[in-house]
Amino acid sequence: MHVNISPTWAPILQEELSKDYFKSLSIFVDKAYQDSICYPAKEDIFKALHQTCFNKLQVVIIGQDPYHDKGQANGLSFSVQDTVTHPPSLKNIFKEIENDLGIPIPASGNLERWASQGVLLLNATLTVAAHKPGSHQKKGWETFTDAIISKISAQKKGVVFLLWGGFAKKKEKIIDTSNHLVLTSGHPSPLSANRGYWFGNNHFSSVNKYLLSQGNTQIYW
């Protein structure tokens, strides 16, 4: 498995990439992609760590799995390729941004524009078999992505972590909340959003207020 990451991440993750669990994970992923259809495309597995430089990182949004239908996943959590219809969770994210900041819902659901501004769009599991959600969980990805979160927490200050839904909220225990802002809410999926756990969280304006208070650049959502 080729680890295509920004050079700014290399010294941060060098030790992690040499561990036995990661070597086993690499073997598993290579075989999975050889034997079956998996997502995202192999060259996009580490896209979050390629598009968002460590030194520019300001915000972390944690997802669970890549999308598992053809042509959707592009290596960034919640993001899809330019021409793909917005999945329900992404649609609700854009609706909340519109309600919160008055920014119209964009035609494209590709969130590379966020990644380039320092928003790390990190799925806990970076690969998945086609039409089998959760199929690559507990193979080592979670150990790797938890290490990423821990290293961000330890080596940076003033990062905003957006933890949406029960799965993401569990990550709070590995974040130093005295040095970073953690914002939590329900998941943007229709099941949670329609019960009143998502809309009105104002996370996107809250992120920008905090970043400005730290002397950092706000995100154009």
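This is a predicted model, so every value here is computed, not measured.

Analysis parameters
Here, residues in each chain are numbered from 1, in the same order as that chain's written sequence. Given that this is a predicted model, residues contribute local features only at a pLDDT of at least 70 and side-chain atom pairs are listed and counted only at 80 or more, while totals for whole chains, interfaces and linings are drawn from all residues. Think of the side-chain values as coming from all heavy atoms in the structure, minus any hydrogens and water. Numbering of helices and strands runs from the N terminus; a helix is a DSSP stretch of H or I covering at least four residues, while a strand is a stretch of E covering at least two. Taken over C-alpha atoms, the radius of gyration is set against a globule rule of 2.2 Å times the number of residues to the power 0.38. Relative accessibility decides the category of a residue: with a 1.4 Å probe and only protein chains considered, values under 20% of the type maximum give buried, values over 50% give exposed, and everything between is partly exposed. Here, two residues are considered to be in contact whenever any of their heavy atoms come within 4.5 Å of each other. Surface accessibility in these figures is a Shrake-Rupley result with a 1.4 Å probe; residues are shielded only by whichever protein chains are displayed. None of His or the chain ends enter the tally, which takes Lys and Arg as positive and Asp and Glu as negative. Every charge is mapped onto a representative atom, which is NZ of Lys, CZ of Arg, CG of Asp or CD of Glu. When a carboxyl oxygen of Asp or Glu lies within 4 Å of a side-chain nitrogen of Lys or Arg, that pair is called a salt bridge. Helix span, expected: 1.5 Å multiplied by one less than the number of residues in the helix. Within this analysis, the arc is defined by the directions that extend from the helix axis to the C-beta atoms. Note on ring pairs: Phe, Tyr and Trp rings are taken, using the six-membered ring of Trp, and paired if centres are within 6.5 Å. Classes follow the plane angle, with under 30 degrees stacked, over 60 edge-to-face and the rest tilted. Comment: the charge-over-ring label is applied if NZ (Lys) or CZ (Arg) is within 6 Å of the ring centre and within 35 degrees of the ring normal.

*Asks:* Go over the overall build of the protein chain, please, and point to the residues and values.
*Replies:* Counting secondary structure elements, the protein chain contains 9 helices and 6 strands. Here the protein chain has a C-alpha radius of gyration of 17 Å; the compact-globule value for 221 residues is 17 Å, and the two agree. Taken along the three principal axes of its C-alpha coordinates, the protein chain extends 45 × 35 × 25 Å. Counting across all 221 residues of the protein chain, residues that qualify as buried make up 53%. The contacts of the protein chain with a sequence gap of at least 6 include a subset with a gap of at least 24, amounting to 65%. When the accessible area of the protein chain is evaluated, it comes to approximately 10,100 Å², of which 51% is carbon and sulfur surface. Charge separation in the protein chain, taken as the distance between the mean sites of 22 positive and 18 negative side-chain charges, equals 3 Å.

*Asks:* Describe the pattern of salt bridges, with residues and values.
*Replies:* According to the stated counting rule, one finds 5 salt bridges in the structure shown. Note that D30 and K42 form a salt bridge whose closest N and O atoms lie 2.9 Å from each other. With D30 in helix α2 (residues 20–35) and K42 in the loop between β1 (38–39) and α3 (47–51), this residue pair connects regions lying 12 residues apart in the sequence. The closest approach of N and O atoms between K171 and D146, which form a salt bridge, is 2.7 Å. Taken together, the positions of K171 in the loop between α7 (165–169) and β6 (181–185) and D146 in helix α6 (residues 141–155) put the pair 25 residues apart, joining distant regions of the chain. Overall, the relative accessible area of 9% leaves K171 in the buried class.

*Asks:* So what about α2? Which residues, and what values?
*Replies:* With 16 residues, α2 extends 23 Å between its outermost C-alpha atoms, agreeing within 8% with the 22 Å of an ideal straight helix rising 1.5 Å per residue. Buried within α2 are the following residues: F22, L25, S26, V29, A32 and Y33. The buried residues of α2 all sit within an arc of 135 degrees when viewed along its axis, so they share a single face. In α2, the exposed positions angled more than 90 degrees off the buried face are occupied by D20, I27 and Q34. Looking at the buried side of α2, the elements it contacts are α1 (10–17), β1 and α6.

*Asks:* Can you explain the packing of aromatic side chains? Please cite residues and give values.
*Replies:* Scanning all chains against the criterion turns up 15 aromatic pairs. Plain terms: the ring middles of F22 and W141 are 6.5 Å apart, the flat faces sit at 80 degrees to each other, and that makes the pair edge-to-face. Placement of the pair is F22 in helix α2 and W141 in helix α6, with a sequence separation of 119 residues. Among the residues examined, F22 registers a relative accessible area of 3% and is labelled buried. Clustering of aromatic rings is evident, with ring pairs tying together F78, F94, W114, W164, W198, F204 and W221. A cation over an aromatic ring shows up here: K156 above the ring of F54, its NZ or CZ 4.9 Å from the ring centre.

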